[in-house]
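Okay, here's what each chain looks like letter by letter:
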Amino acid sequence: SVLPETGVEYKIRFMLRKDQCEIMLDTTGDGLHKRGYRRNAMEAPIRETLAATIADLGRVRRDSLVEDPFCGSGTIPIEAALIAMNRAPGINRHFAAENFPFVDKTLWKEEREAAKNREFHGDYKIFASDNDPACVSLSMANARRAGVDKLIVFEDADAPSRKFPAAEGILVANPPYGQRMMEQRTAQALYERLGRRLKTEKGWKQYIITSEPEFERHFGRKADKKRKLYNGMIQCNYYMYLGDMAKGRKK
């Protein structure tokens, strides 16, 4: 038979499990982790879906004060903003099925409008910083594309010496890992400085993801909780320091 390469593109995917083959029509196109706002990224960026996961595990809500002192490409603060305002994460991207002639195109417009009507518009307190001005500039550009640039305060700052914007809040961080020996030692020294700094911030819940197996020793404290997560192919741990919440006390 003849399969002419004309008309709409239909991507077919298949999965083999023992002696069974599942054939699927790809309605998405680019992976769902691609939200459509990150055109460029710094080296080893965190996936948007993982950033959303760690912000959600950090209990980011619409009234949370959030701080990311290692913003990189801005993915964590942007995803925190999307969570806080209840914005559909894929609202600004294209899906393969939008070109399928058997799907009513008005449905896409209707669903996007319905999603916008569910958004929360309030007073956001999201702060992001990095000691690399190029990262800060890139983060601001990505936030503009995501439509949340007015919700996040970006600035150049060194994380261990940064003055926090309030006495209480949620710190969500993806600091450098250091996959090579010299980089690992630099990262470990950074964790020690960060641990000494955050030890004085009693009102801040701290959520940190890293692949460093000895993170707690360098940071100077055992985590209240720990979750295993993967950043791409890198196995990481998500260290949760819950402060008074871990002791069951109310502020």
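Scroll up to find the structure this text is about.
Everything numeric here is computed off the predicted structure, so don't read it as measured data.

Let us look at the overall build of the protein chain. If you tally the helices and strands in the protein chain, you get seven helices and nine strands. Seen through its principal axes, the protein chain has C-alpha atoms that stretch 70 × 45 × 40 Å. Counting across all 251 residues of the protein chain, residues that qualify as buried make up 45%. Put simply, 71% of the contacts in the protein chain that link residues at least 6 apart link residues at least 24 apart. Computed over 44 positive and 35 negative side-chain charges, the separation of the two mean positions in the protein chain equals 5 Å.

In terms of nonpolar packing, the biggest core is built from 34 residues, with Ile 54, Ile 208, Ile 209 and Tyr 238 touching the most fellow members. Residues in contact with Ile 208, not counting those within four places in the same chain, are Leu 171, Ala 173, Pro 175, Leu 194, Leu 198, Phe 215, Phe 219, Asn 237, Tyr 238 and Tyr 239. Ala 80, Ala 81, Ile 126 and Ala 128 belong to the second largest nonpolar core, which has 21 residues in total.

Within the secondary structure, Ile 12 sits in strand 1 (residues 11-17). Beyond its immediate chain neighbours, meaning those up to four positions away, Ile 12 contacts Ile 23, Met 24 and Leu 25.

Another point: the pattern of salt bridges. Going through the model one piece at a time under the given rule, you end up with 14 salt bridges. The salt bridge partner of Glu 155 is Arg 162, with a shortest N-O separation of 2.6 Å. Owing to a relative accessible area of 5%, Arg 162 belongs among the buried residues under this scheme. Glu 214 serves as the salt-bridge partner of Arg 217, at 3.4 Å between the closest nitrogen and oxygen. Note on Arg 217: relative accessible area 57%, which makes it exposed.

A separate point is unusual backbone geometry. If you check the backbone angles, Lys 18 has positive phi at about 55° while not being a glycine. At Asn 86, a residue that is not glycine, the phi angle is positive and equals roughly 60°. Among the secondary structure elements, Asn 86 is positioned in the loop between helix 2 (75-84) and helix 3 (105-117). A relative accessible area of 41% places Asn 86 in the partly exposed class.

Another point: the sheet that holds strand 6 (residues 169-173). Strands pair in a sheet through their backbones, by hydrogen bonds, and they do so in one of two ways: parallel or antiparallel. In spatial order, the strands read 5-4-3-6-7-9-8; together these seven strands make up an open sheet with mixed pairing. Across the chains shown, the open sheet's two edge strands, defined by having one partner strand only, are strand 5 (152-156) and strand 8 (225-231). Each strand of the sheet is rotated relative to its neighbour by a mean of 20°, with strand direction disregarded. Across five bridges, strand 7 (residues 204-210) lies against strand 9 (residues 234-241) in antiparallel orientation. The residue bridging Thr 210 from the neighbouring strand is Asn 237, located in strand 9. Contacts between helix 4 (residues 133-146) and the sheet are confined to strand 4 (125-130) and strand 5, with strand 5 contributing the most and set at about 165° to the helix.

Looking now at the packing of aromatic side chains. Counting across every chain of the model gives 10 aromatic pairs. With 6.0 Å between their ring centres and 15° between their planes, Phe 95 and Trp 108 make a pair best called stacked. Separated by 13 residues along the polypeptide, Phe 95 in the loop between helix 2 and helix 3 and Trp 108 in helix 3 bring together distant segments of the chain. For Trp 108, a relative accessible area of 22% puts it in the partly exposed group. Geometrically, the ring pair formed by Phe 164 and Trp 204 is edge-to-face, given 4.8 Å between the ring centres and 85° between the ring planes. Within this pair, whereas Phe 164 is found in the loop between strand 5 and strand 6, its partner Trp 204 is found in strand 7, the two being separated by 40 residues in sequence. We classify Trp 204 as buried; its relative accessible area is 2%. Counting every residue linked through ring pairs, the aromatic cluster contains Tyr 191, Phe 215, Phe 219, Tyr 239 and Tyr 241. Directly above the aromatic system of Phe 95 lies the positively charged group of Arg 93, at a separation of 4.5 Å from the ring centroid. The cationic tip of Arg 221 hangs over the ring face of Tyr 241; the distance from NZ or CZ to the ring centre is 4.9 Å.

Rules used in this analysis
Residues numbered from 1 in each chain as written. Predicted model: local features only at pLDDT ≥ 70, side-chain atom pairs only at ≥ 80, totals over all residues. Heavy atoms only, no water. Helix = DSSP H or I, 4+ residues; strand = E, 2+ residues; numbered from the N terminus. Buried < 20%, exposed > 50% of the residue type's maximum accessible area, 1.4 Å probe, protein only. Contact = heavy atoms within 4.5 Å. Lys, Arg positive; Asp, Glu negative; His and termini not counted. Charge placed at Lys NZ, Arg CZ, Asp CG, Glu CD. Core = buried A, V, L, I, M, F, W, Y, C linked by side-chain atoms within 4.5 Å. Salt bridge = Lys/Arg side-chain N within 4 Å of Asp/Glu carboxyl O. Pairing = 2+ DSSP bridges. Axes fitted to C-alpha atoms, helices over the stretch in contact; angles between N-to-C directions. Phe/Tyr/Trp six-rings, centres within 6.5 Å; stacked < 30°, edge-to-face > 60°. Lys NZ or Arg CZ within 6 Å of the ring centre and 35° of its normal.

Read these as geometric descriptors, not functional statements.
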